[in-house]
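So you can see what is in the structure, the chains are spelled out below.
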Amino acid sequence: MTLNHLLLGILVVAIWGSNFVVIKVALDSFPPLLMAALRFATATLPAIFFFKRPPVPWRNLAGYGLLIGGGQFSLLYLAMRSQISPGLASLVVQAQVLFTVGLAVLLEGERVRLFQLVAAALAVAGFAVIGLHTDGSTTWLGIVMVLGSGLCWALGNLVGRHAGRVNMVAYMVWTSAFSVPPLVVLTLLTEGSPARLWHTIQAAPLLAWGAILWQSMANTILGYGLWAWLLVRYDAATVTPLALLVPVFGMASSVALLGEPFPAWKGSAMLLVMAGLSLNVLWPRLRKRLQLSKK
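Residues numbered from 1 in each chain as written. Predicted model: local features only at pLDDT ≥ 70, side-chain atom pairs only at ≥ 80, totals over all residues. Heavy atoms only, no water.

### Some remarks on the overall build of the protein
So, step 1. Looking only at helices and strands, the protein features 13 helices and 0 strands.
So, step 2. Traced from its N-terminal end to its C-terminal end, the protein shows the element sequence α-α-α-α-α-α-α-α-α-α-α-α-α.
So, step 3. For 295 residues, the compact-globule estimate of 2.2 N^0.38 gives 19 Å, and the C-alpha radius of gyration of the protein, at 19 Å, lies within 12% of that figure.
So, step 4. By principal-axis analysis of the C-alpha atoms, the protein measures approximately 70 × 45 × 40 Å.
So, step 5. For the protein, the proportion of its 295 residues judged to be buried stands at 50%.
So, step 6. For the protein, the share of sequence-separated contacts (at least 6 apart) that also reach a separation of at least 24 residues comes to 89%. (Helix = DSSP H or I, 4+ residues; strand = E, 2+ residues; numbered from the N terminus. Rg over C-alpha atoms; globule rule 2.2 N^0.38 Å. Buried < 20%, exposed > 50% of the residue type's maximum accessible area, 1.4 Å probe, protein only. Contact = heavy atoms within 4.5 Å.)

This is the structure:
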């Protein structure tokens, strides 16, 4: 990968990682489910008029939209309102990598390998460290909700995999349209009357709206667009390891911008989880190189 393209990849993961701080900023003005509805509504409109529907079945678009919007981000936003800090949320949600592997084994018959078991054990140890240090900013409920968010993300990954090689930006725009209706219904059922919600929308400051637009435009449209652009030019084994930096940027931005404490136990948990994720992502590539060097 050229230096310029490497910097583009790092820019994407920096956007995705720092988005956890942006989420926290928006949650100061919007209730979680309303914020999720606004995020996916602004990702849908007006972009849906400029991107042709990807050539995949409607059920695939609907399934992905429901899992990512109705599942992943609704749980993540609810947890981040008061149950978990942004930095830890960016780390715990990476359990989606392990869930994706596990679901592929259970649902698609893929064979589990020893390195995957070791990777899972390391990551679970990291999550256990977090669980042993719950306090006022992070609770067991928050950890479970973010793990549920990661599970929805993993299920969405399996649905997205069946879409094949499509324009990922168009795919995100069209699937976002299916996220909005259930989120609007849940918002009306749980977060107040339409008049109260409309007042919340009108009273929101520009900073909160900037946070919504950042999540929809920068995080979704720009982020996935650049990522897909890189995947067209390089093999997945070259590009996807960069995603390991997402929780690094997430934790660092939360510490730097929100003043989130970073005691030694958080560092230990982060090292364990990152070791597990790195082993899961990088070991097949490293093993292939070792086999080639022996020939």
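So much for the structure itself; the text now carries on.
### A few points about the packing of helix α3 (residues 58-82) against helix α8 (residues 168-190)
A pair of packed helices is characterised by two quantities: the angle between their axes and the separation of those axes.
So, step 1. Axis separation between α3 and α8 bottoms out at 7 Å; the angle between their running directions is 60°. Taken together, α3 and α8 sit at an angle that is classed as oblique. The handedness of the crossing between α3 and α8 is right-handed. From α3, Trp58, Asn60, Leu61, Ala62, Tyr64, Gly65, Leu66, Gly69, Gly70 and Ser74 reach across to α8, where they touch Tyr171, Met172, Trp174, Thr175, Phe178, Ser179, Pro182 and Leu183.
So, step 2. In terms of residue class, the contact of α3 with α8 is made up of 11 nonpolar, 7 polar and no charged. (Axes fitted to C-alpha atoms, helices over the stretch in contact; angles between N-to-C directions. Parallel < 35°, antiparallel > 145°, perpendicular 65-115°, else oblique. Left-handed = near helix turned anticlockwise from the far one by under 90°. Nonpolar A, V, L, I, M, F, W, Y, C, P; charged D, E, K, R; others polar.)

### Brief notes about the side chain of Glu191
So, step 1. Residue placement: Glu191 occurs in the loop between α8 and α9 (194-203).
So, step 2. Look at Glu191: it is buried, it has no salt bridge, and the nearest opposite charge is Arg81 at 5.0 Å.
So, step 3. In terms of polar contacts, Glu191 uses its side chain to reach the backbone amide nitrogen of Leu33, at 2.8 Å.
So, step 4. Aside from chain neighbours lying at most four places away, what touches Glu191 is Pro31, Pro32, Leu33, Leu34, Leu186, Arg196 and Leu197. (Lys, Arg positive; Asp, Glu negative; His and termini not counted. Salt bridge = Lys/Arg side-chain N within 4 Å of Asp/Glu carboxyl O. Polar contact = N/O pair within 3.5 Å; in protein donor to acceptor, adjacent residues only side chain to side chain.)

### Some remarks on the confidence of the model for the protein
So, step 1. Taken as a whole, the protein shows an average pLDDT of 88; of its residues, 98% reach a score of 70 or greater.
So, step 2. Within the protein, helix α11 (residues 236-239) has the poorest average pLDDT of any element, 69, and helix α2 (residues 32-44) the best, 94. (pLDDT = per-residue confidence, 0-100.)

### Topic: α2
For an α-helix the count is 3.6 residues per turn, leaving residues at separations of three or four pointing the same way.
So, step 1. Here α2 spans 19 Å end to end across 13 residues, near enough to the 18 Å set by a 1.5 Å rise per residue.
So, step 2. Taken together, the buried positions of α2 are occupied by Pro32, Leu33, Leu34, Met35, Ala36, Ala37, Leu38, Arg39, Phe40, Thr42, Ala43 and Thr44.
So, step 3. Taken together, the buried residues of α2 touch α1 (3-27), α3, α8, α9 and α10 (206-233). (Expected span 1.5 Å × (residues − 1).)

### As for the nonpolar core
So, step 1. Ranked by internal contacts, the top residues of the largest apolar core, which has 65 residues, are Phe30, Met35, Leu76, Met80, Ile84, Phe127 and Ile130.
So, step 2. Apart from residues no more than four positions distant in its own chain, Met35 is found in contact with Ile23, Ala26, Leu27, Phe30, Tyr77, Ile212 and Gln215.
So, step 3. Residues Val13, Ile15, Ala218 and Val239 belong to the second largest nonpolar core, which totals 12 residues. (Core = buried A, V, L, I, M, F, W, Y, C linked by side-chain atoms within 4.5 Å.)

### Overview of α1
So, step 1. Between the first and last C-alpha of α1 there are 36 Å, a value that for 25 residues agrees with the 36 Å anticipated at 1.5 Å per step.
So, step 2. Maximum bend of α1: about 35°, positioned at Asn19. (Bend = angle between axes of the 7 residues up to and from the residue.)

### Quick notes on the pattern of salt bridges
So, step 1. Under the counting rule described, the total for this entry stands at 1 salt bridge.
So, step 2. Taking the shortest distance from any N to any O, the salt bridge between Lys266 and Glu260 comes out at 2.7 Å. The burial state of Lys266 is the same as that of Glu260; both residues are buried.

### Focus on the packing of α2 against α3
So, step 1. The N-to-C vectors of α2 and α3 enclose an angle of 135°; their axes lie 8 Å apart at closest approach. As far as their axial angle goes, α3 and α2 are oblique. Like other packed secondary-structure pairs, α2 and α3 cross with a definite hand, here right-handed. Residues Pro32, Leu33, Met35, Ala36, Arg39 and Phe40 of α2 pack against Ile68, Gly69, Phe73, Ser74, Tyr77, Leu78 and Arg81 of α3.
So, step 2. For the contact of α2 with α3, the class distribution of residues is 9 nonpolar, 2 polar and 2 charged.

### Considerations on unusual backbone geometry
The phi angle of most residues is negative, glycine excepted, and most peptide bonds adopt the trans form.
So, step 1. Cis geometry is adopted by the peptide bond preceding Pro46, which originates at Leu45 and carries an omega value of 0°.
So, step 2. Position of Pro46 relative to the elements: it lies in the loop between α2 and α3.

### Digging into the environment of Gly142
So, step 1. Its place among the elements puts Gly142 in helix α7 (residues 140-161).
So, step 2. With a relative accessible area of 0%, Gly142 lands in the buried category.
So, step 3. It is 20 Å that separates the C-alpha atoms of Gly142 and Ala252, two residues lying 110 residues apart in sequence.
So, step 4. Contacts of Gly142, omitting those with residues within four sequence positions, involve Ala79, Gln83 and Ile84.

### Some details on the side chain of Ser149
So, step 1. Looking at the secondary structure, you find Ser149 in helix α7.
So, step 2. Residues in contact with Ser149, not counting those within four places in the same chain, are Gln72, Leu75, Leu76 and Val93.

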